[in-house]
Amino acid sequence: MPPYPRHAPSDPPHDPAGPWGPREGQANPSWMGHVDARNYVPAPGHQGRPVRGVLPPQMAESAGAHRRYRGGAAALTVAGGVLAFLSLFLVVPFLLSSTGTAGFAGGFAASLIPLSVVLLAVAIIDRWEPEPKRLLLFAFTWGAAVAVAATLLIQPLFVLTFQFSDQPDLQTYMATVQAPIVEESAKSLGLLVLLLVARKHFDGPVDGVVFAFTIAGGFAFTENILYFGRAIADPSGAGGEFAQVFFLRGVMSPFAHAIFTGTTGLIMGFAARRWHAGASVAAFFVGLLPAMFLHNRWNSMGRGFLLEYIVVQVPIFCLAVGGIVLLRVAEKRLTRQRLLEYSAAGWFTPAEVELLATAGGRRTVLDWAAGYGRKQQMKDFLKAATHLANIRQRILSGRDVQLHQAEERRQLQRILALRAAVAGAGQRQP
C-alpha cells in the first residue's frame, strides 16, 4: 500500500538553501516568520531508507518524547483546574446573588448560544495546527472563572481609589476605565501563563489568537450569565429587557471580548516567534494597550450607539476577520516552505509537501486514509508535520538552537513512526 495517494508528480529533491544559505524569498516566504539569513541552517539530512519505503518505527524514543511533550500541558491543566475550582467559590455566589436561581439557570442556557458561535470560530481558526484540548480547556476556564474572580477582587479597589458623588459618573468611570484595565489584564494574564509555561504549543500569532479567543469566550460566557440572568429575573421587564440585552450581546457583539483580547494574543504570538521570556512579558504589556483601547471605545458608546456601531465597530470586526484570513494564509505558506526544506533533505517528497501543506491536499489524504481505516493515523501525521515545520521556524530564529534541534531530532523520529503507521507497518509497497 503506498503511503500517499498519487496526487502530484514526485520530482527529485532539490536544496532550496544551496551551499551558502537560502535564496531570496525562500527563507522568508511570508511576513509571519521572518528569518535572519545569518541564522539559517540546513535541515538535517535523512540517512535512512528512501521515504517511499515503509520506514521502521522508532517507537521507544518517539513515545517517550510524546509523553514528555504532553506532560507540561497536563500539569498546566491540573493547576488551572484547581485555580478555576477555587475561583468558582467567589464567582458562582456572586452570580446567584445577582440573578437568583431562575435567572442564573436561564442566563446560563442563553449564554451557551454566543459561546457556541465563538468556539466555532476558534475551531475554524485552529484547524491547521490544532492546539491540545487540555490547553484550550485551561484557556476557557481561565476566562470563565479565574479572570472573572480576579476582576471581582480588584474592582472594589478602583471604587475606593476614586470617590464619586454622582452615581452616573461612577458608572461611566467603571465602564470606560475600570473595566478595560482590569478585565483585559485579567484575561491576558492567562495568555502570559500559556506563553511562558506551554511555549511549545504557543508558536506564533495564530496560536495567540486561538488562545485569546478561547479565554475571551469563557469570560464573555460568565459575563453573559450575569447580564442575561438579571434581565430574566427583572419582574418589570416582561421578557422585553432580556430580548434587548440578548440581541445586543448575543447577536450584535458575540465577538467583542474576543476581538479585544485577540489583539493582545496577536502581539504576544509574534513575540513567541522570538522565543524569549523577556520579549513575551514585554509583548504582554504592549498588547494590553490596543485591547484596553478597543474595550474603552466599545463601552463608551452612548446615545449614538447604532451609528458608531455601524461606522466603527462593524469595520473593526471585518478588519479582524480579514486579519485572521491573512494569518491563516501566511501560516500555510510558512509551513509549506519549512517542509520543502525537509523535502530537500530527504524526509518528504515534493509531492508529499504539496499534500501536507495545502488544505485541499490534506482533505485528499484524509479521505484516502479513511478508505484504508487509517484516518486517525493520517491526522496524527499531519499534525506532526505541521509541528515539525514550527520547530524548524524556532531553530531559524537563532535562539536556543541546540534545544530546538534536539526536539527536531525527536520529532523526525516520530515522523518516521507515524509514516509507518499510515502505510501499515510491515507491509511493502506494490
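In this text the structure is predicted, and so the values were computed from the model without any measurement. (Residues numbered from 1 in each chain as written. Predicted model: local features only at pLDDT ≥ 70, side-chain atom pairs only at ≥ 80, totals over all residues. Heavy atoms only, no water.)

## Points about the packing of helix α3 (residues 167-197) against helix α7 (residues 277-299)
(1) Moving on: Packing of α3 against α7 brings their axes to within 8 Å, and their N-to-C directions diverge by 150°. Classed by the angle they form, the pair α3 and α7 counts as roughly antiparallel. Crossing angle aside, the handedness with which α3 passes α7 is right-handed.
(2) Moving on: A breakdown of the residues in the contact of α3 with α7 according to their chemical character gives 14 nonpolar, seven polar and two charged. (Axes fitted to C-alpha atoms, helices over the stretch in contact; angles between N-to-C directions. Helix = DSSP H or I, 4+ residues; strand = E, 2+ residues; numbered from the N terminus. Parallel < 35°, antiparallel > 145°, perpendicular 65-115°, else oblique. Left-handed = near helix turned anticlockwise from the far one by under 90°. Nonpolar A, V, L, I, M, F, W, Y, C, P; charged D, E, K, R; others polar.)

## Comments concerning the confidence of the model for the protein chain
(1) Moving on: With 83% of its residues at a pLDDT of 70 or more, the protein chain has an overall mean of 82.
(2) Moving on: Mean pLDDT values for the elements of the protein chain range from 81 in helix α1 (residues 59-125) up to 96 in helix α4 (residues 205-233).
(3) Moving on: Taken as a whole, residues 1-25 scores under 50 in pLDDT and shows 58 contacts with residues more than four places along the chain or in a different chain.
(4) Moving on: Confidence over residues 52-69 falls short of pLDDT 50; this stretch has 36 contacts with residues more than four positions distant or in other chains. (pLDDT = per-residue confidence, 0-100. Contact = heavy atoms within 4.5 Å.)

## Some thoughts on the packing of aromatic side chains
(1) Moving on: A complete count under the given rule lists 16 aromatic pairs for this structure.
(2) Moving on: With 5.4 Å between their ring centres and 45° between their planes, Phe228 and Phe246 make a pair best called tilted. On the criterion of sequence distance, the pair formed by Phe228 in helix α4 and Phe246 in helix α5 (residues 240-251) is long-range, its members being 18 residues apart. Of the two residues, Phe228 and Phe246, neither departs from the other in class, the shared state being buried.
(3) Moving on: Each residue in the set Phe104, Phe108, Phe140 and Phe221 is aromatic and connected to the rest through ring pairs, giving one cluster.
(4) Moving on: The ring of Trp128 has Arg362 sitting right over it, with the charged end atom 3.7 Å from the ring centre.
(5) Moving on: Between Arg392 and the ring centre of Tyr342, over which it is positioned, the NZ or CZ distance is 5.8 Å. (Phe/Tyr/Trp six-rings, centres within 6.5 Å; stacked < 30°, edge-to-face > 60°. Buried < 20%, exposed > 50% of the residue type's maximum accessible area, 1.4 Å probe, protein only. Lys NZ or Arg CZ within 6 Å of the ring centre and 35° of its normal.)

## Overview of the side chain of Gln411
(1) Moving on: With respect to the helices, strands and loops of the structure, Gln411 is situated in helix α12 (residues 401-423).
(2) Moving on: A distance of 3.1 Å separates the side chain of Gln411 from the backbone oxygen of Ala384, its partner in a polar contact.
(3) Moving on: What Gln411 contacts, discounting residues up to four positions off in sequence, is Ala384, His387, Leu388 and Ile391. (Polar contact = N/O pair within 3.5 Å; in protein donor to acceptor, adjacent residues only side chain to side chain.)

## Thoughts on a nonpolar patch on the surface
(1) Moving on: On the surface, Val78, Val82, Phe85, Leu86, Leu88 and Phe89 cluster together into a nonpolar patch covering about 620 Å² of accessible area.
(2) Moving on: Within the secondary structure, Phe85 sits in helix α1. (Patch = residues over 30% accessible without salt bridge, like charges linked within 9 Å, V, L, I, M, F, W, Y side chains within 5 Å. Areas by Shrake-Rupley, 256 points an atom, 1.4 Å probe, with all protein chains shown as cover. Salt bridge = Lys/Arg side-chain N within 4 Å of Asp/Glu carboxyl O.)

## Some details on the side chain of Thr214
(1) Moving on: Its location among the elements puts Thr214 in helix α4.
(2) Moving on: Leave out the neighbours within four places in its chain, and Thr214 touches Val122, Leu136, Ala139 and Phe140.

## Side note on the pattern of salt bridges
Working definition: two side chains of opposite charge can pair if their charged atoms are close together.
(1) Moving on: Counted under the stated rule, the structure contains eight salt bridges.
(2) Moving on: Its salt-bridge partner being Arg336, residue Glu354 comes within 2.8 Å of it at the nearest N-O pair. Pair noted here: Glu354 is in helix α9 (residues 350-356) and Arg336 is in helix α8 (residues 305-344), with a separation of 18 residues, a long-range link.
(3) Moving on: Overall, the relative accessible area of 28% leaves Glu354 in the partly exposed class.
(4) Moving on: Look at the salt bridges and you will find they share partners, linking Arg338, Glu341 and Arg392 into a network.

## Some thoughts on a positive patch on the surface
(1) Moving on: On the surface, a cluster of positive charge is contributed by Lys133, Lys375, Lys379 and Lys383.
(2) Moving on: Structurally, Lys375 is set in helix α11 (residues 375-396).
(3) Moving on: A residue is classified by how much of its surface remains accessible, and Lys375, at 38% relative accessible area, is partly exposed. (Lys, Arg positive; Asp, Glu negative; His and termini not counted. Charge placed at Lys NZ, Arg CZ, Asp CG, Glu CD.)

## A look at the nonpolar core
(1) Moving on: Ranked by size, the top nonpolar core spans 60 residues in total, and within it Leu194, Phe211 and Phe213 carry the most contacts.
(2) Moving on: Sorting the residues of this core by element identifies α1, α2 (133-161), α3, α4, α6 (256-272), α7 and α8 as the ones contributing at least two each.
(3) Moving on: No other element matches α2, which puts 13 residues into this core.
(4) Moving on: Aside from chain neighbours lying at most four places away, what touches Phe213 is Val118, Val122, Ile125, Phe255, Ala258, Ile259, Gly262 and Ile324.
(5) Moving on: Ranked by size, the runner-up nonpolar core spans 27 residues in total, among them Tyr342, Phe348, Ala384 and Leu388. (Core = buried A, V, L, I, M, F, W, Y, C linked by side-chain atoms within 4.5 Å.)

## Side note on the environment of Thr141
(1) Moving on: Mapped onto the fold, Thr141 is located in helix α2.
(2) Moving on: Among the residues examined, Thr141 registers a relative accessible area of 21% and is labelled partly exposed.
(3) Moving on: Distance in space between the C-alpha atoms of Thr141 and Gly218 is 6.5 Å, their sequence separation being 77 residues.
(4) Moving on: Sequence-distant contacts of Thr141, that is, excluding residues within four places in its chain, are made with Ala84 and Val146.

## A look at α3
(1) Moving on: Along its 31 residues, α3 runs 43 Å from first to last C-alpha, staying within 8% of the 45 Å computed at 1.5 Å per residue.
(2) Moving on: Most pronounced at Gln178, the bend in α3 amounts to some 45°, and the proline Pro180 follows within four residues. (Expected span 1.5 Å × (residues − 1). Bend = angle between axes of the 7 residues up to and from the residue.)

## Side note on the packing of α3 against α4
(1) Moving on: Close contact between α3 and α4 brings their axes to 10 Å; oriented N to C, the two are set at 140°. The angle between α3 and α4 places the two elements in the oblique class. α4 is crossed by α3, and the crossing has right-handed handedness. Facing Glu183, Lys187, Gly190, Leu191 and Leu194 of α3, the residues of α4 in contact are Gly208, Phe211, Ala212, Ile215, Ala216, Phe219 and Glu223.
(2) Moving on: The class makeup of the residues in the contact of α3 with α4 is seven nonpolar, two polar and three charged.

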